[in-house]
Amino acid sequence: MIHMASLDHLVVAAATLEDGVHWCEATLGVTPLPGGLHPLFGTHNRLLPLTSPVHPLSYFEIIAIDPSAPPESQRRAPRWFDLDAPNMQLQLARQGPQLIHWVARVSDIHAALAAWDCLGISRGQIIEASRPTPNGLLRWKISVREDGQRLFDGALPTLIEWGTDHPRSGMTGPAFSLEALSLSHPQYDLLSKAFDAVGIENVRLHKGPAEIHAALVAPDRSRIELYHRPGLTE
């Protein structure tokens, strides 16, 4: 077992980034921080810091398709996190922005992906990406499948290996406390093996219908529950 993985950030998807900002203001009571552009995938984001004694570098990423992005022929396609999938777009259009996924930070992404390959799980190729920030160029390696799928309804994390800098260190403002991240999935047995293979800890995993649940505590001590239940579009 590779003891190397920990929660890096939670992914909230929105039909538009403006929708995502409005959701954050209405749901969490704060305006998310500026993020950046992802030219390789035609997306853009906003960010919000989290605090957690067991996940000290965690944060929220609010992400959406960038309408000003180059056409598909000039970028990688399809986009990451299932953002091009019709069922995802339908769910975001009907239900609004929501927590859809999470990303786990690793110190050796090659070793982590190899461990999952041994379980028959293909998490995707390693993409080297970057974006400019006021503090310089932020660099990272991330696992993205050619089809853009998250896998296991978003319960299996995307893997990321950061360069010398981490975006959380530059975030300011009120931080929400992440009390717990809980995942449920019918393929619990295989997911549990995948978590053990890369040393994921302090993330609750249960057998049951697919669900992602994050419990937050706001600066005013109010409790906020976020859910993603794939396929519920009514």
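Since the model is a prediction, treat every value here as computed from it, not as a measurement.

*Asks:* Which residues make up the pairing of strand β12 (residues 223-228), and what are the values?
*Replies:* Residues I224, L226 and H228 of β12 are buried on one face, while the alternating residues R223, E225 and Y227, pointing to the opposite face, are not. Where strand β11 (residues 211-217) meets β12, 6 bridges bridge the pair, whose relative direction is antiparallel. When the bridges of β12 are listed, H213 appears paired with Y227. Taking the residues between adjacent antiparallel strands as the criterion, β11 and β12 are bridged by 5 residues, where R221 takes a positive phi near 75°.

*Asks:* Describe the pattern of salt bridges, with residues and values.
*Replies:* Considering all chains together, one arrives at 7 salt bridges under this definition. Here R79 makes a salt bridge to D84, at a shortest N to O gap of 2.8 Å. Assessed through its relative accessible area of 27%, D84 is described here as partly exposed. For R145, the salt bridge goes to D147, with nearest N and O atoms at 3.0 Å. Judged by its relative accessible area of 32%, D147 is partly exposed. Shared partners join several salt bridges into a network, and the residues in it are E179, R223 and E225.

*Asks:* For helix α2 (residues 86-95), give the residues involved together with the corresponding values.
*Replies:* An α-helix turns once every 3.6 residues. As a result, residues three or four positions apart point the same way. Residues of α2 that are buried: M88, Q91 and L92. Down the axis of α2, the sector holding all buried residues measures 95°, keeping them to one side. What points out from α2, more than 90 degrees from its buried face, is the exposed set P86, N87, A93 and R94. Contacts from the buried residues of α2 go to β1 (6-13), β5 (98-105) and β12.

*Asks:* How would you explain the environment of L113 if you had to name every residue and give the values?
*Replies:* By the secondary structure assignment, L113 is in helix α3 (residues 109-117). A residue is classified by how much of its surface remains accessible, and L113, at 8% relative accessible area, is buried. Sequence separation between L113 and G124 is 11 residues; the distance between their C-alpha atoms is 8.2 Å. With residues up to four places along the chain from it excluded, the contact list for L113 reads R123, G124, I126, S143 and L159.

*Asks:* Hey, could you go over the nonpolar core for me, with residue numbers and the actual values?
*Replies:* Here is a general trend for soluble globular proteins: nonpolar side chains tend to be buried in one another's company. Counting residues in each nonpolar core, the largest one holds 48 residues, and the members touching the most others are L10, L28, F60, W102, L181 and L183. Within the second largest apolar cluster, 23 residues are counted, among which are F41, I127, L138 and I142.

*Asks:* Explain the side chain of H228 residue by residue, including any values.
*Replies:* Within the secondary structure, H228 sits in strand β12. Beyond its immediate stretch of four places on either side in the chain, H228 contacts Q91, Q98, L99, I100, R150, D153, A210, E211 and I212.

*Asks:* I'd like to hear about the layout of surface pockets, residue by residue, with values.
*Replies:* Here the largest pocket defines a volume of roughly 360 Å³. Looking at the largest pocket, it is lined by 18 residues, and the ones nearest its centre are T133, P134, N135, P167 and G170. Secondary structure elements with two or more residues in the lining of the largest pocket: β2 (33-38), β6 (125-133) and β7 (136-144). Its residues assigned to classes, the lining of the largest pocket shows 8 nonpolar, 8 polar and 2 charged. Of the volumes computed, that of the second largest pocket is approximately 160 Å³.

Thresholds, definitions, all that
- Residues numbered from 1 in each chain as written.
- Predicted model: local features only at pLDDT ≥ 70, side-chain atom pairs only at ≥ 80, totals over all residues.
- Heavy atoms only, no water.
- Buried < 20%, exposed > 50% of the residue type's maximum accessible area, 1.4 Å probe, protein only.
- Helix = DSSP H or I, 4+ residues; strand = E, 2+ residues; numbered from the N terminus.
- Pairing = 2+ DSSP bridges.
- Salt bridge = Lys/Arg side-chain N within 4 Å of Asp/Glu carboxyl O.
- Arc of directions from axis to C-beta.
- Contact = heavy atoms within 4.5 Å.
- Core = buried A, V, L, I, M, F, W, Y, C linked by side-chain atoms within 4.5 Å.
- 1 Å grid on protein atoms, 1.4 Å probe; cavity = no way out; pocket = protein on both sides within 12 Å on 5 of 7 lines; lining within 4 Å.
- Points joined across faces, edges and corners; volume = space filled by probe spheres on them.
- Nonpolar A, V, L, I, M, F, W, Y, C, P; charged D, E, K, R; others polar.

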